[in-house]
Amino acid sequence: MVGTLAILASLLLVGCDGKNDTGSPAVDTGSRGSDTGAPGGPGGGSDPGSGETGALVGITDAHNAVRAEEGVAPLSWSNALARDAQTWADQLSETSCAFLSGETEPGDSLFVGYPVGGFTARDVVDDWAGEGAYYDYDDDECAPPSSGLTCAHYLQVVWAATERVGCGVSACSDDWEVWACIYDPPGNTGGRPY
């Protein structure tokens with residue numbers, strides 16, 4: 001069950017140009033490849049060796065289900081990216097999940113929802129994937145910027161060149177929670193996603 005507040009929070013975070021207003025850490029694409037968990041695909045993200053724990057169990061599988069619908073190769077879990085994503089989520093929780101100013105590089109996704117514990121990994125990825133309704137593949141465009149709708153999370157989830165994902169989740173004040181995922185190589189960098 002994805003609540004209206006969560007959807008609105010998620011939609012406000014990233015514009016169609018792939019830039020978000022979150023203050024996430026930069027992704028170091030050169031040092032992440034050796035720290036991956038089990039390969040993605042059916043059962044891949046939630047295998048015991050994958051590193052997914054707690055609320056994050058199944059988040060790689062959820063990504064890969066969406067990617068499979070578009071004929072895109074599955075992602076693998078990265079423990080290094082997950083550490084960075086958890087640090088980012090924890091930093092945001094210390095600011096009461098306040099949106100941070102400043103643009104970041106493509107390759108990051110955030111989800112802010114209420115209440116804590118009210119969302120599964122699949123809920124979060126399904127929210128991002130739902131933005132696919134605002135993406136026109138033929139024109140390679142999101143809904144008009146004036147609409148306030150975004151497709152950037154969807155584009156990152158299905159970005160064909162992306163190979164790894166790592167995520168974190170943290171509770172904020174007032175019973176909100178923040179989910180962060182970092183992708184490598186970063187996606188949504190221009191051109192069609194697949």
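Look above for the structure.
The following paragraphs examine the structure supplied in this document. In this text, all values refer to a predicted model and were calculated from it rather than measured experimentally.

Rules used in this analysis
- Residues numbered from 1 in each chain as written.
- Predicted model: local features only at pLDDT ≥ 70, side-chain atom pairs only at ≥ 80, totals over all residues.
- Heavy atoms only, no water.
- Patch = residues over 30% accessible without salt bridge, like charges linked within 9 Å, V, L, I, M, F, W, Y side chains within 5 Å.
- Areas by Shrake-Rupley, 256 points an atom, 1.4 Å probe, with all protein chains shown as cover.
- Salt bridge = Lys/Arg side-chain N within 4 Å of Asp/Glu carboxyl O.
- Lys, Arg positive; Asp, Glu negative; His and termini not counted.
- Charge placed at Lys NZ, Arg CZ, Asp CG, Glu CD.
- Helix = DSSP H or I, 4+ residues; strand = E, 2+ residues; numbered from the N terminus.
- Buried < 20%, exposed > 50% of the residue type's maximum accessible area, 1.4 Å probe, protein only.
- Contact = heavy atoms within 4.5 Å.
- Polar contact = N/O pair within 3.5 Å; in protein donor to acceptor, adjacent residues only side chain to side chain.
- Pairing = 2+ DSSP bridges.
- Axes fitted to C-alpha atoms, helices over the stretch in contact; angles between N-to-C directions.
- Expected span 1.5 Å × (residues − 1).

1. With respect to a negative patch on the surface
At step 1: Taken together, the side chains of Asp-136, Asp-138, Asp-139 and Glu-141 present a region of like negative charge at the surface.
At step 2: Along the chain, Asp-138 falls in the loop between β3 (135-136) and β4 (141-142).
At step 3: Taking relative accessible area as the criterion, Asp-138 reaches 64% and is therefore assigned exposed.

2. Overview of the environment of Cys-167
At step 1: Note that Cys-167 resides in strand β5 (residues 164-171).
At step 2: For Cys-167, a relative accessible area of 1% gives the class buried.
At step 3: In sequence terms Cys-167 and Ile-182 are 15 residues apart; their C-alpha atoms lie 6.3 Å from each other.
At step 4: Beyond its immediate stretch of four places on either side in the chain, Cys-167 contacts Leu-56, Ile-59, Trp-77, Ala-82, Ala-85, Ala-180 and Cys-181.

3. Notes on the pattern of salt bridges
At step 1: Under the definition given, this model contains two salt bridges.
At step 2: Put simply, Arg-164 and Glu-163 hold a salt bridge, and the shortest N to O gap is 2.9 Å.
At step 3: Overall, the relative accessible area of 12% leaves Arg-164 in the buried class.
At step 4: Overall, Glu-163 belongs to the partly exposed group, its relative accessible area being 44%.
At step 5: We note a salt bridge from Arg-164 to Asp-184, for which the minimum N-O separation is 2.8 Å. Pair noted here: Arg-164 is in strand β5 and Asp-184 is in strand β6 (residues 177-184), with a separation of 20 residues, a long-range link.
At step 6: Using a relative accessible area of 0% as the deciding quantity, one classes Asp-184 as buried.
At step 7: One continuous salt-bridge network, built from bridges that share partners, spans Glu-163, Arg-164 and Asp-184.

4. Quick word on the side chain of Ser-78
At step 1: With respect to the element layout, Ser-78 can be found in the loop between β1 (76-77) and α3 (79-94).
At step 2: From its side chain, Ser-78 meets the backbone nitrogen of Leu-81 in a polar contact 3.1 Å long.

5. Digging into the sheet that holds strand β2 (residues 108-113)
At step 1: The strand order across the open sheet formed by four strands is β1-β5-β6-β2, and the pairing between neighbours is mixed. Taken across any chain shown, the strands that pair with only one partner, and hence form the sheet edges, are β1 and β2.
At step 2: As paired strands, β2 and β6 are joined by six bridges and run antiparallel to one another. Opposite Gly-113, over in β6, you have Glu-177 as the bridge partner.
At step 3: Packed on one face of the sheet, helix α2 (residues 59-69) meets β1, β5 and β6 and runs near 60° to β6.
At step 4: Taken strand by strand, α3 contacts β1, β2, β5 and β6, and its axis lies near 30° from that of β5.

6. Some thoughts on α3
Helical periodicity: at 3.6 residues per turn, an α-helix aligns residues three or four positions apart in one direction.
At step 1: Taking 1.5 Å of rise per residue, 16 residues should cover 22 Å, and α3 covers 22 Å from first to last C-alpha, within 8% of that figure.
At step 2: Here α3 has its buried residues at Ala-80, Leu-81, Ala-82, Ala-85, Trp-88, Ala-89, Leu-92 and Ser-93.
At step 3: Buried residues in α3 make contact with β1, β2, β5 and β6.
At step 4: Backbone nitrogen of Ala-80 and a side-chain oxygen of the N-cap are separated by 3.4 Å at the start of α3; the cap is Ser-78.
At step 5: Backbone geometry just after α3 places Ser-96 at a positive phi near 60°.

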